[in-house]
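Descriptive structure summary
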Amino acid sequence: MSDSYLIGLGLTVCSAAVVSAAAHLMSPAVRMWRSAHHIAPAPVLAVAPGPLDFPDLADFAELEELGEVDAVDFDLCPGEQRHRPHAIHADGSRTCWNCGHNTPGEPVTLTETFEPEYVRPAQKDCPDCGCCTAVLCEKGQTVIVECFGLTHEDTRDNVRGCPCSSETTHGTASWRAGKLRVTMHATSSRPLEVDVEAALRAVAAGVDMLEHSEQLTPLTMRRYVGFVDSVPALTELGATYLAARDEPRFVTPVEVETVDVKARTARVTVVGWSLTDGVTVLLDQLTSATKLKPEELPGRFLEASANCRTKQADDVVLTDIELAPPLPSAWMAEDIPLVQERDAEAPAPCAEVADV
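Residues numbered from 1 in each chain as written. Predicted model: local features only at pLDDT ≥ 70, side-chain atom pairs only at ≥ 80, totals over all residues. Heavy atoms only, no water.

The number of helices and strands found in the protein is eleven helices and twelve strands. Sorting the 356 residues of the protein into buried and exposed places 40% on the buried side. Long-range contacts, defined as pairs at least 24 residues apart, comprise 50% of the intrachain contacts of the protein with a sequence gap of at least 6. Carbon and sulfur atoms make up 56% of the accessible area of the protein, which amounts to about 19900 Å² in all. (Helix = DSSP H or I, 4+ residues; strand = E, 2+ residues; numbered from the N terminus. Buried < 20%, exposed > 50% of the residue type's maximum accessible area, 1.4 Å probe, protein only. Contact = heavy atoms within 4.5 Å. Areas by Shrake-Rupley, 256 points an atom, 1.4 Å probe, with all protein chains shown as cover.)

Encoded structure:
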C-alpha cells in the first residue's frame, strides 16, 4: 500500500470527522434548512473572505446573533465555477469564503414539519438611534470598527456614523481608541508641523483664522477641528492632542484590577495618578502590549507612560505598556500620601519621561 494512498485515506477520515462534529453543533433551524434543501452538513466557517479555515464556533455564533449570517454551507461559486464554502446571509445572499465572491439571493426561509414556514424573528430596533438593531449597537460600542464595521457591505451606508458606537460618543471603544491614537501622535517623533499646530492653538483660542486658513484642511482631515455655523471649532480630539503636547508624561506602575471580556475593557490602578480611583482602558490594548490572555491580566503589574497630572480618570491615557514585576508590598501601604492636587506645582509622582 503506497504512502500517498495512506495519506489520502487519512485526510478523508479526518474531513469526515470534522464535518460530522460541525453538523451536531449547528442550530436546529440551520439543520432543518439543510434538510429541506438536501444539502449535506458543512464545517462551520467565519464570514469574512480569506484562506479556507476552521475558526472558533463562538465567532460564528456571535455573527449569527447579530443577524448577519443565517447559515454556512457549500454552494457553487460563480467566480471559481466550483463548490466552495459560503456564508449564507440574512437577506439570502451568500459570500464565497475562498475568493470573496458575493452572490445575491432570495431571503432564507426554513421549512419545518410542524409549521408551513419558519422565518428568522426580526431584531429589536435600538432605542437610541434610528439606524441599527439593539444587538448591533450593543456590540458596536465595544469594538473600534463601530457598528459600521460589523455590518454587511450592502447595508453599511445605513449605519454609517451611528451615534451609539461613534468616536465622538463618550465611553465607546472607538472613543477610547481615538484618545489613544491622538496621544500617540502628539507624543511621537512626528507630531503636527509647527504652522499646523499653531493653527490648532489659534482655533482653541478663538482668534481670527485668516492667516491660518491653509492649515485648516489637515486639521479637519484628522478631525481635530470641526465647524459650527461655518466657524472653526476645536473638537475633543483636538483638545486631547493639545493636552498631550502640553502635559508632562511619567513612567508609572499600573496594576490590572479586573477585565470585562464582553465590554472589551479593563479596570486598572495607575499608581502615579491615584491609588484609589480606577481607570478604564481598552482590553485589547493590554493584551496586545503584554501578549497575555484576558484571564491572565487581573493582578498583574505593568509599567506604562501616563499623563499623571490630568484631573479626570477618563483623560488618563496609557502608552508604552510593558509587563513589570509586582511592587513590593510596602509600596502599597495605606499611609503613603496620595497625589491629590494635580496642577503645575504638584511634584511628579513618577519618573518624568517627556515634557512637551
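On to the packing of aromatic side chains. For the coordinates displayed, the defined rule picks out one aromatic pair. Sitting over the ring of Phe148, Arg156 keeps its end group 5.8 Å from the ring centre. (Phe/Tyr/Trp six-rings, centres within 6.5 Å; stacked < 30°, edge-to-face > 60°. Lys NZ or Arg CZ within 6 Å of the ring centre and 35° of its normal.)

With that out of the way, let us pick up the pattern of salt bridges. This structure, assessed with the given rule, holds ten salt bridges. Notably, a salt bridge pairs Lys262 with Glu138, separated by 3.1 Å at the nearest N-O pair. Of the two residues, Lys262 sits in the loop between β7 (249-260) and β8 (265-270) while Glu138 sits in helix α4 (residues 134-140), which places them 124 residues apart along the sequence. Relative accessible area serves as the criterion here: at 62%, Lys262 is assigned to the exposed category. (Salt bridge = Lys/Arg side-chain N within 4 Å of Asp/Glu carboxyl O.)

Across the protein, the average pLDDT comes to 75, with 62% of residues at or above 70. In the model, residues 1-61 has pLDDT below 50 throughout and makes 83 contacts with residues more than four positions away in sequence or in other chains. When the criterion is pLDDT under 50, residues 338-348 qualifies, and its contacts beyond four places in sequence or with other chains add up to 18 contacts. (pLDDT = per-residue confidence, 0-100.)

The residue Glu167 is located in the loop between α6 (156-159) and α7 (173-186) in this model. A distance of 2.8 Å separates the side chain of Glu167 from the side chain of Arg181, its partner in a polar contact. Setting aside residues no more than four positions away along its own chain, Glu167 makes contact with Glu146, Ser174, Trp175, Gly178, Arg181, Arg223 and Leu237. (Polar contact = N/O pair within 3.5 Å; in protein donor to acceptor, adjacent residues only side chain to side chain.)

Another aspect to go through is unusual backbone geometry. Residue Arg223 is not a glycine yet carries a positive backbone phi of 65°. Position of Arg223 relative to the elements: it lies in the loop between α9 (216-221) and β5 (225-228). Of note, Lys291 is a non-glycine position whose phi angle comes to about 65°, a positive value. Its location among the elements puts Lys291 in the loop between α11 (283-290) and β10 (301-306).

The next subject is the nonpolar core. Where a protein is soluble and globular, its nonpolar side chains tend to be buried together. Within the largest apolar cluster, 20 residues are counted, with the highest numbers of intra-cluster contacts made by Val254, Val268, Val270, Val279, Val281, Leu286 and Leu318. Secondary structure elements with two or more residues in this core: β7, β8, β9 (279-282), α11, β10 and β11 (318-323). The contacts of Val270, once residues within four sequence positions are left out, are Thr252, Pro253, Val254, Val279, Ala306, Val316 and Leu318. Counting residues in each nonpolar core, the second largest holds 17 residues, with Leu216, Leu219, Leu237 and Ala244 among its members. (Core = buried A, V, L, I, M, F, W, Y, C linked by side-chain atoms within 4.5 Å.)

Bringing helix α10 (residues 236-246) into the picture now. All buried positions along α10 are accounted for by Leu237, Gly238, Thr240, Tyr241, Leu242, Ala244 and Arg245. The elements touched by buried residues of α10 are α7, α8 (194-205) and β6 (231-234).

Looking now at the environment of Arg176. Tracing the chain through its elements places Arg176 in helix α7. According to the relative accessible area criterion, Arg176 is buried, its value standing at 16%. Along the primary structure Arg176 and Thr265 are separated by 89 residues, whereas in three dimensions their C-alpha atoms are 9.9 Å apart.

Moving on, we come to the pairing of β10. On a regular strand, one side chain projects to one face of the sheet and the next to the other, so that they alternate. Within β10, five of the six residues are buried, which leaves it mostly tucked inside the rest of the structure. Here β7 runs beside β10; their pairing, made up of six bridges, is antiparallel. Across the sheet, the residue bridging to Glu255 is Phe301, located in β10. As defined by bridge partners, β10 adjoins β11 across four bridges and the pair is classed as antiparallel. When the sheet's bridge partners are listed, Leu302 is paired in β11 with Leu323. (Pairing = 2+ DSSP bridges.)

Let us now look at the state of the cysteines. Tallied over the full model, the rule gives zero disulfides. Here Cys126 stays unpaired: no disulfide links it, and the sulfur of Cys137, its closest cysteine neighbor, is 3.6 Å away. Cys132 supplies the cysteine sulfur nearest to Cys131, a cysteine that is in no disulfide, at a spacing of 3.5 Å. (Disulfide = S-S within 2.5 Å.)

A word on the pairing of β6. With four bridges joining them, β5 and β6 adopt antiparallel strand pairing. Within β6, the position partnered with Phe227 by the bridge is Pro232. Taking the residues that link successive antiparallel strands as the turn, the β5-β6 hairpin has two residues, and the phi of Asp229 there is positive, at about 55°.

Below, the discussion takes up the packing of α7 against α10. Put simply, α7 and α10 touch, their axes get as near as 8 Å, and they point 40° apart. The angle between the axes of α7 and α10 places the two elements in the oblique class. Once α7 is placed against α10, the crossing between them reads as right-handed. Where α7 approaches α10, its residues Trp175, Gly178, Lys179, Arg181, Val182, Thr183, His185 and Ala186 are matched on the opposing element by Glu236, Leu237, Thr240, Tyr241, Ala244 and Arg245. Taken together, the residues of the contact of α7 with α10 sort by class into six nonpolar, four polar and four charged. (Axes fitted to C-alpha atoms, helices over the stretch in contact; angles between N-to-C directions. Parallel < 35°, antiparallel > 145°, perpendicular 65-115°, else oblique. Left-handed = near helix turned anticlockwise from the far one by under 90°. Nonpolar A, V, L, I, M, F, W, Y, C, P; charged D, E, K, R; others polar.)

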